[in-house]
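The primary structure of each chain is shown beneath.
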Amino acid sequence: MTDAPRPSDDVSGEGGEPMPPRKSLRRNTMVMASGTLVSRGLGFIRNAMLAAAIGATGIAANSYDVANKIPNTLYAIVAAGVLNAVLVPQIVRAFRRADGKRTVDRIVTLGVFGSLAITLVFTLAAPVFVGIYTQGWGAEQRDLATAFAFWCIPQLFFYSVYTILGQVLNAREQFGPYMWAPVLNNVVSVAGLAAFLALYGGYRPEIDQPDWWTPGSTWLIAGTATLGIAAQALILVWPLMRGGYRWRPVWRGPKGELSGVTTVAGWALGAVLLDQVGVIAVTRVASEAGAVGHDLGDASIAGNAAYFNAMMLYLLPHSLIIVSLLTALATTMSRHAAAQDMAALRATVARGMRIVTVFGLWSTAVLVALAPMIVRLALPTVPADVVQSIAYVLMALAVGGAPLALLGVFKNVFFALEDAKAVFYIQIPVTLVWVLGMLGLQRVLDPYWWTAGTALALSLANVVCVVLRGVGVRRRIGGLDGRRYPALAARALLAALVSGAVGWALLRLVPEAGGDDVLHSLMVAGVSLAVLVPVMGLVYWALLRLLRVPEANELVAPVVSRLRRRVR
């Protein structure tokens, strides 16, 4: 869908600086997806090098995972939850006004310096956070995690700056830089891990001894990770300036100017805090599973680091396509909401629901059917039994893939309408389902399955959340494509099940990709996925065409158009 410029949308920044020209949803999504693809490719290399350096289930891996999870969780609370809830809608509205740039400058000023103050406080509280996120760990392992955390928590400030500057770019429909900036982050991180491997060698049992770690080795793992996030944030200053936006610190403004911001942010913060209760519970259950595995001498028991690796693989297709689409849709939704054009908003929501469902169901089929090979390709140095335990976690997460995509669409609607209160109240039963589900599964399952149980509980919570948010969105915008969507979802689900069955059956014919030969494992996994993923995609696309799902052509249209241009 291409949104043609309208006279009311032609706004200028301070000093008559024009907004960038508006592009189509498909073009914006492709620009962002290409950046995400490159970034995720480098992320695969980074995660494989990290596993090669510190392992995937031992004390060092679990300690670093907790330390690195702290800034990411705090970022979800302070930045992603609050800032994303208010930035795009408020900035879009501000840029529609003649004096809007001053409002945007004030939002940026308060966001950047507020994040700096919060980051300083949280960094000093590193030992407290490590205690909150772990269970069953000894003092030495907690000390190692705290040492990592002192280097990792400053990432919170740079994540916040990245979000603030990126959302200013998104509101101006300059989508590319926001999705390409993480490429620089991964380049810096890979360089740091390469230096660690060159100086200290690969993973071996003594690395899991906390007293092995020195300030230098700790910095190469955790410090360079933070340096990468800093580079990712600061590089956005350049495209902002080239696009015509130059920030000036503004501390004060008219009374009530940001009242809408603070109200929406408050409810959004509450919803994210509830969600983080589940994240803390997951980390505690998974970290206890890792501790049990260490005590039993069984490295195949998945802990919190294994959960992280599975989560990164689970989010790969989501971040590659779905997040790029949702980012573009968020600006369009905010524009329609600001203009009070409910018909256009309903059409945008309905289209977003259909596209993310069609892609989300296929990605679920791929992740479930091919999980062992995907994990093997991502972590080539990890033993076969560890690969299988991580694969089980990935399968459990993948079940909730399509609901996760729909949640993003519905959340953007609530934020575009400045109704974060509904998001908060819906999150209460969702968090209860998640936490009670994982704790219940922990009581009845063997420790080997505890981490997979937390993933399955998350998928169940996603289903509950999508139902509740869907009902709320339907009431607020006057409908949810009630006739077309259920039929489309049923047909896409059938096609995904058949595609998944074909992939699973063909995988049985592939030789085992294990053993000590890393190159052989990589070749088997890489060739298998290079063949099976396209086969599953072709089966899925053919079935969608047979079942008359129009979004089938839309999914492949960008690829087909590029091929045609190259042939010409």
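Before any of the text, the structure's been laid out above.
Description of the structure in this document. (Residues numbered from 1 in each chain as written. Predicted model: local features only at pLDDT ≥ 70, side-chain atom pairs only at ≥ 80, totals over all residues. Heavy atoms only, no water.)

**Quick word on the overall build of the protein chain**
A tally of helices and strands in the protein chain yields 20 helices and zero strands. By residue count, 56% of the 568 residues in the protein chain fall in the buried class. Surface accessibility of the protein chain: about 23400 Å² in total, with carbon and sulfur atoms responsible for 67%. (Helix = DSSP H or I, 4+ residues; strand = E, 2+ residues; numbered from the N terminus. Buried < 20%, exposed > 50% of the residue type's maximum accessible area, 1.4 Å probe, protein only. Areas by Shrake-Rupley, 256 points an atom, 1.4 Å probe, with all protein chains shown as cover.)

**Some thoughts on the nonpolar core**
Val349, Leu370, Leu394, Leu397 and Tyr540 are the most contacted members of the largest nonpolar core, which has 99 residues in total. Residues contacting Leu397, with those up to four places away along its chain left out, are Tyr307, Ala310, Met311, Tyr314, Ala455, Leu458 and Ser459. Core analysis: the second largest hydrophobic core is formed by 38 residues, Ala53, Leu156, Tyr159 and Leu193 among them. (Core = buried A, V, L, I, M, F, W, Y, C linked by side-chain atoms within 4.5 Å. Contact = heavy atoms within 4.5 Å.)

**As for the pattern of salt bridges**
Going through the model one piece at a time under the given rule, you end up with two salt bridges. Taking the shortest distance from any N to any O, the salt bridge between Glu206 and Arg204 comes out at 2.8 Å. You can call Glu206 partly exposed: its relative accessible area is 35%. (Salt bridge = Lys/Arg side-chain N within 4 Å of Asp/Glu carboxyl O.)

**A few points about a nonpolar patch on the surface**
Taken together, the side chains of Leu110, Phe113, Leu116, Leu120, Trp247 and Trp251 make up a nonpolar region of the molecular surface, amounting to roughly 570 Å² of accessible area. Here Leu120 lies in helix H3 (residues 100–124). (Patch = residues over 30% accessible without salt bridge, like charges linked within 9 Å, V, L, I, M, F, W, Y side chains within 5 Å.)

**Some remarks on the packing of aromatic side chains**
On inspection of all chains with the given rule, the structure shows 16 aromatic pairs. When the centroid spacing of 5.2 Å and the interplanar angle of 75° are considered together, the rings of Phe148 and Trp213 count as edge-to-face. Here the residue Phe148 occupies a position in helix H5 (residues 139–152), and Trp213 occupies one in the loop between helix H7 (176–200) and helix H8 (215–234), the gap between them amounting to 65 residues. An identical accessibility class is assigned to Phe148 and Trp213; each is buried. Taking the centre distance of 6.5 Å and the plane angle of 25° together, the rings of Trp362 and Tyr540 count as stacked. (Phe/Tyr/Trp six-rings, centres within 6.5 Å; stacked < 30°, edge-to-face > 60°.)

**Thoughts on the packing of helix H15 (residues 401–416) against helix H17 (residues 450–477)**
Packing of H15 against H17 brings their axes to within 9 Å, and their N-to-C directions diverge by 35°. For the element pair H15 and H17, the recorded crossing hand is left-handed. Across the interface between the two elements, Pro403, Leu404, Leu406, Leu407, Phe410, Lys411, Val413 and Phe414 from H15 touch Asn462, Val463, Cys465, Val466, Arg469, Gly470, Gly472, Val473, Arg476 and Ile477 from H17. Residue composition of the contact of H15 with H17, grouped by class: 12 nonpolar, three polar and three charged. (Axes fitted to C-alpha atoms, helices over the stretch in contact; angles between N-to-C directions. Left-handed = near helix turned anticlockwise from the far one by under 90°. Nonpolar A, V, L, I, M, F, W, Y, C, P; charged D, E, K, R; others polar.)

**Remarks on the side chain of Asp105**
Its location among the elements puts Asp105 in helix H3. Take Asp105: its relative accessible area is 3%, and that puts it in the buried class. Residues contacting Asp105, with those up to four places away along its chain left out, are Tyr245, Arg246, Trp247, Arg248 and Val250.

**Remarks on the side chain of Asn309**
Within the secondary structure, Asn309 sits in helix H11 (residues 304–338). Setting aside residues up to four positions removed in sequence, Asn309 forms contacts with Asn47, Ala56 and Leu379.

**Some points on unusual backbone geometry**
The backbone of Arg548 sits at a positive phi, close to 60°, despite the residue not being glycine. With respect to the element layout, Arg548 can be found in the loop between helix H19 (518–546) and helix H20 (551–567).

**Regarding H17**
The end-to-end C-alpha separation of H17 is 40 Å, in line with the 40 Å expected for 28 residues at 1.5 Å each. Immediately downstream of H17, the backbone of Gly478 shows phi near 85°, a positive value. (Expected span 1.5 Å × (residues − 1).)

**Description of the packing of helix H12 (residues 342–369) against helix H18 (residues 484–507)**
Relative orientation and spacing of two packed helices are given, respectively, by the angle between their axes and the distance between those axes. Two numbers describe how H12 lies on H18: the axes approach to 8 Å, and their chain directions differ by 20°. What the angle tells us is that H12 and H18 run roughly parallel. Judged by the sense of rotation from one axis to the other, the crossing of H12 with H18 is right-handed. Across the interface between the two elements, Met353, Arg354, Thr357, Val358, Leu361, Trp362, Ala365 and Ala369 of H12 pack against Arg484, Tyr485, Leu488, Ala489, Ala492, Leu493, Ala496, Ser499, Gly500, Gly503, Trp504 and Leu507 of H18. The residue makeup of the contact of H12 with H18, split by class, is 14 nonpolar, four polar and two charged. (Parallel < 35°, antiparallel > 145°, perpendicular 65-115°, else oblique.)

**Observations concerning the environment of Phe44**
Inspection of the secondary structure puts Phe44 in helix H1 (residues 25–54). Judged by relative accessible area, which is 24%, Phe44 ranks as partly exposed. Along the backbone, Phe44 and Leu313 are 269 residues apart, and their C-alpha atoms lie at a distance of 8.7 Å. Those residues in contact with Phe44 that lie beyond four places of it in its chain are Leu313, Leu316 and Ala378.

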